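# Summary of structural features
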Amino acid sequence: MSDAGDERDPLDGDTDYRPTPPSGDGRRQALSRFTPGTLLGDRYRIVALLGSGGMGEVYRADDLKLGQQVALKFLPEHLSRDPHRIERLYAEVRIGRQVSHPNVCRLYDIGQWEQHHFLAMEYVDGEDLASLLRRIGKLPHGKALDLARDICAGLAAAHGVGIVHRDLKPANIMIDGRGNARITDFGLAAVAEEIAGRSEVVGTPLYMAPEQLAGENVSPKTDLYALGLILFEMFTGRRLFESASSDLAARRSITASQSLSSHTRELEPAVQRVILRCLEEKPEARPASIHSVIAALPGGDPLQAAVDAGETPSPQMVAAAGETGVLKPRVAGALLLSAAIGLILTAMLYGHAVLFRRVPLPKEPAVLIERARTIIERAGYGDAPAGSAYYFAVNPHVFDYTRKHAKPGNPWESIARARPGIFTFGYRQSPRPMISGNADGRVISGDPPNTIPGMAEVFVDTRGRLLGFSAVPPDTRSGATTPPDWGIFFAEAGGDFVNLTPVQPLWSPPFSSDHQFAWTARYRDDPTPVRIEAASANGKAVWFEIIGPWKQPVQPVPAARPVAETVLSRIGILVGTIGPFFGAVILARRNLRRGRGDRRSALRLAFFVFGSLLIARVLRLDHVSDWDGEWSLLTRAMAWSLFEAMQTWVFYIAIEPYIRRRWPQLMIGWTRLFNGRWRDPMIGRDALIGAVAGLTMASLGLLVVILPAWFGGTALDPITQWISPLVSIRNLLYLGLTKLVETGIMLPLVIVVILVLLIPVLRRRPYALAAIWILMSLFINGSGAGMAWRIGVGAIMATIAVGVLARYGLLAFAITIFIEDFVTSAPITLEPGAWYFGRSTAVLIALFAIAVYGCFVSIADQPLFGPGALEDL
């Protein structure tokens, strides 16, 4: 290994100050200083002189203690007592030892023997690039590309720890016996932060950047200029500058001349662009980093090379690496068409598989609110309320009873006509502002408790017929004993009861009362027997409720669930909640203690989660006019949003360093998104792929409900989702934002945490992915009747999801999971007469807009419907 070639090129001289050598031939003096066999103390034995130059002499030697060959670099004999040169030798070791990479020559230690200062470094059996270029000229294209990648990888390792080489040239690049490039000689290298603003001219003039020649600020982009000159020389077989002149005007003329393009014309366009960008005169016009150069070179996989070398690529390298993601217009157009078909298919299946579409919802909330207020006024509670709230609710007991007693063959027809109905609409009002105590800040039945006189609550079915009424009586008795007119309530309940018979009251009223009343009956169009319980106080109704046979007294011990359902539920909690959370805490603590993790991206993600959830919760809150109460609601919303943001931060810090180290390809699109590259074709591709995959999974998730009926069986239970988006637009916005965070961010991170925890246990990545596939197959379609159908279709859905994760990465996977969950949660219909058709249209447009965005961004500047696209078709 040599610091310079044996036949030193006069153009390779460095510009740092050197005293004039003593008289005589300096090369002969170097040759005669140590003869082969010379022992340096009891550690090193000189074998041969490898080379000499202005910065010193390099000898091959045997390390007698370790039994291996090393290279020893000595200061020139006439500079061996120069304090400045000795300090530079020490600095070279201090800086060089910070860089550990297979494409960088390793520095071991520094020593002294009889006032001769030297450093010990790795011995590389080969020749330097300058000698190779002089010997054979232009390198074969493939070999030049391989060496270019090696040089870039070594330079990336140096820049990654903040070191600027400042003397990058062919003479300082060794080609070892296996044909790999090694960067050597960090004698002029420096930490970028330490030399910021320093004015000095050091290096080799022939390979200096314009700012380096002018003594201006030197940065990692200075090395990129030298890299461009080296690449030009490797691919063309000639130097760009034949003179070491520091005349910037002359250099500018040569760089801009036709001779440059004429010598690079035969190169691949990608290589031409790399060289020309590196040789830009202004540093800001050069590539953003060495990772951008690596990404721009044709072929190869720099991320995998870094992983194979045991390196952890930086987030910037991850963002710059990988394919561009540009899709051909015909491919993007086909995917966009698939998304449109998937959206239509999903909307069609939605009407057969989702509960609220199987049960009529003929009246919109505004009509039901007016009905509830009318009932309260007719009951004698006509004072204007200070606060009110309304909500849809699902009664699972009614559903279970109706399904059990439905006619065979087509149970859903019976369920759709069942009374009093599976869905109810609740309305509450109060003479004082109502401040709920739940985490969501929503007023619901029982929260806040009915404790203030005048509070009233009404439940009606989807057609506005009364199901239940309650009102808090005054604290004092008025002495009135006349019972209320219960005929009003029977009329509001529909007035179609038959076999109405007074009976002894059975149920206790929710409030204190003077009198209780009860009747048994059934609806005219439904054979189900019902019981009507009522109570009054001070001559006014305080309770009226229609009770079906499905309502049972609360038992102190809950009913036992089926064993299989219990086991799956507990496994789901352990695998999906407890295990990942504590595993993430342990991994995050470990990464923080070791100083690992992309904290900037984690902080950005946490801020996004906090902001999204805070907006969602503020939209969903049942706000009050009371300032103290409103502040309590807002602080609660902020606290929960902050908790989930911190949880997201922990999950990201837990997994990001491990994924970036062992499987960085998963993070490319995700990292580019965090860098704000919204127009990046890879982000567009991931959005388009995620939209198609998510809609496909949503269609399968809806199809599994009706699939058994196609084969002579009974359809599975319809999907029962949260239907509050039907109540108001703010609840629909809340749904979109929370699903974006919970299933678009949190759930993918949890799945990847499980993947990270499984890889060291199962030893191989495919086994860990197979375990994720099994878990998703079991739980993606929930539990209940028809588990064979649920797991079978779930396996197909899991195959799509895991395939997207493994092939396209975390961003595409997150979009897939988000769209699949959001589609089956939002209100969707293709019936223009439905009162929620406008909201459905907004949801469908928003989902299709994701696919449209992905399509046009993924094709970059190519026309989707231009002549070229038509020719492709």
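What you see is a predicted model; the values in this text were computed from it and never measured. The residue count restarts for each chain, going from 1 along the sequence in the order it is written. For this predicted model, a pLDDT threshold of at least 70 governs which residues receive local features, and a threshold of 80 or more governs which side-chain atom pairs are given and counted, while totals over whole chains, interfaces and linings are taken from all residues. Remark: hydrogens and water are excluded; side-chain values derive from all non-hydrogen atoms of the structure.

### Details of the pairing of strand β4 (residues 68-74)
Any residue under 20% of the maximum accessible area for its type is buried, any over 50% is exposed, and the rest in between are partly exposed; the area is computed with a 1.4 Å probe on protein chains only. Strands here mean DSSP runs of E at least two residues long; helices mean DSSP runs of H or I at least four residues long; both are numbered from the N terminus. The buried count for β4 comes to five of seven residues, which makes it a mostly enclosed element. Sheet analysis places strand β3 (residues 56-63) next to β4, joined by seven bridges and oriented antiparallel. From the neighbouring strand, Ala61 faces β4, where its bridge partner is Val70. Following DSSP output, two strands are said to pair if at least two bridges run between them. Between β3 and the antiparallel strand that follows it, β4, lie four residues; Gly67 among them carries a positive phi value of about 70°.

### Looking at the pattern of salt bridges
Criterion for a salt bridge: a side-chain nitrogen of Lys or Arg within 4 Å of a carboxyl oxygen of Asp or Glu. Applying the stated criterion across every chain, the model contains 26 salt bridges. Taking the shortest distance from any N to any O, the salt bridge between Glu831 and Arg357 comes out at 3.5 Å. Highlighted residues: Glu831 in the loop between α28 (810-823) and α29 (837-858) and Arg357 in helix α15 (residues 355-358), separated in sequence by 474 residues. Among the salt bridges present, the one from Glu545 reaches Lys551, with a minimum N-O distance of 3.2 Å. Overall, the relative accessible area of 22% leaves Glu545 in the partly exposed class. What makes Lys551 partly exposed here is its relative accessible area of 33%.

### Some words on the environment of Ile532
With respect to the helices, strands and loops of the structure, Ile532 is situated in strand β18 (residues 529-537). Taking relative accessible area as the criterion, Ile532 reaches 0% and is therefore assigned buried. Ile532 sits 29 residues away from Val503 along the chain, and the two C-alpha atoms are 9.4 Å apart. In this analysis, two residues are considered to be in contact whenever any of their non-hydrogen atoms come within 4.5 Å of each other. In this view, Ile532 contacts Phe490, Phe497, Leu500, Phe517, Ala518, Trp519, Phe544, Glu545 and Ile546; residues no more than four positions away in its chain are not counted.

### Here we look at α28
Helices are assigned an expected span. That span is 1.5 Å times one less than the residue count. If you check α28, its first and last C-alpha atoms are 20 Å apart, about what 14 residues at 1.5 Å a residue would give, namely 20 Å. Taken across its 14 residues, α28 has 14 buried, putting it largely inside the fold.

### Observations regarding the packing of aromatic side chains
Any two rings among Phe, Tyr and Trp, with Trp reduced to its six-membered ring, count as a pair given centres within 6.5 Å; such a pair is stacked if its planes are under 30 degrees apart, edge-to-face if over 60, and tilted if neither. Scanning the model with the defined rule gives 31 aromatic pairs in all. Judged by centre distance (5.6 Å) and plane angle (70°), the ring pair of Phe356 and Tyr836 falls under edge-to-face. With Phe356 in helix α15 and Tyr836 in the loop between α28 and α29, this pair connects stretches of sequence that are 480 residues apart. Owing to a relative accessible area of 6%, Tyr836 belongs among the buried residues under this scheme. Should the NZ of a Lys or the CZ of an Arg lie within 6 Å of a ring centre and within 35 degrees of the ring normal, that charge is described as sitting over the ring. The positively charged end of Lys551 is found above the aromatic ring belonging to Trp507, 4.9 Å away from the centroid.

### Here's the deal with helix α3 (residues 129-136)
All buried positions along α3 are accounted for by Leu129, Ala130, Leu132 and Leu133. Down the axis, α3 shows its buried residues gathered within 165° of arc, on one side only. Among the structural elements, β7 (126-128), α4 (141-160), β9 (173-176) and α7 (220-236) are those in contact with the buried residues of α3. In the analysis that follows, any N or O atom pair within 3.5 Å is treated as a polar contact, provided that within protein one partner can donate a hydrogen and the other can accept it, and provided that, for residues neighboring in sequence, both atoms belong to side chains. Between the side-chain oxygen at the start of α3 and the backbone nitrogen of Ala130 there is a gap of 3.1 Å, and the oxygen is on Asp128. Immediately downstream of α3, the backbone of Gly137 shows phi near 75°, a positive value. This arc corresponds to the set of directions leading from the helix axis out to the C-beta atoms.

### Some points on the sheet that holds strand β13 (residues 423-430)
The antiparallel open sheet is built from eight strands, whose spatial order is β12-β13-β14-β15-β19-β18-β17-β16. Among the strands making up the open sheet, the edge pair consists of β12 (387-394) and β16 (497-502). Strand-to-strand twist of the sheet, defined as the mean angle between neighbouring strand axes without regard to direction, takes the value 20°. In terms of strand pairing, β13 meets strand β14 (residues 456-460) through five bridges, oriented antiparallel. Orientation is described by lines fitted to C-alpha atoms, with helices fitted over the stretch in contact, and by angles between N-to-C directions that extend from 0 to 180 degrees.

### Concerning the pairing of β13
In the case of a regular strand, side chains alternate between the two sheet surfaces. Most of β13 sits out of view: eight of its eight residues are buried. Burial of β13 is two-sided: the residues Phe423, Phe425, Tyr427 and Gln429 facing one way and the residues Thr424, Gly426, Arg428 and Ser430 facing the other way are all buried. The pairing of β12 with β13 spans eight bridges and is classified as antiparallel. Across the sheet, residue Val394 finds its bridge partner in β13, namely Phe423.

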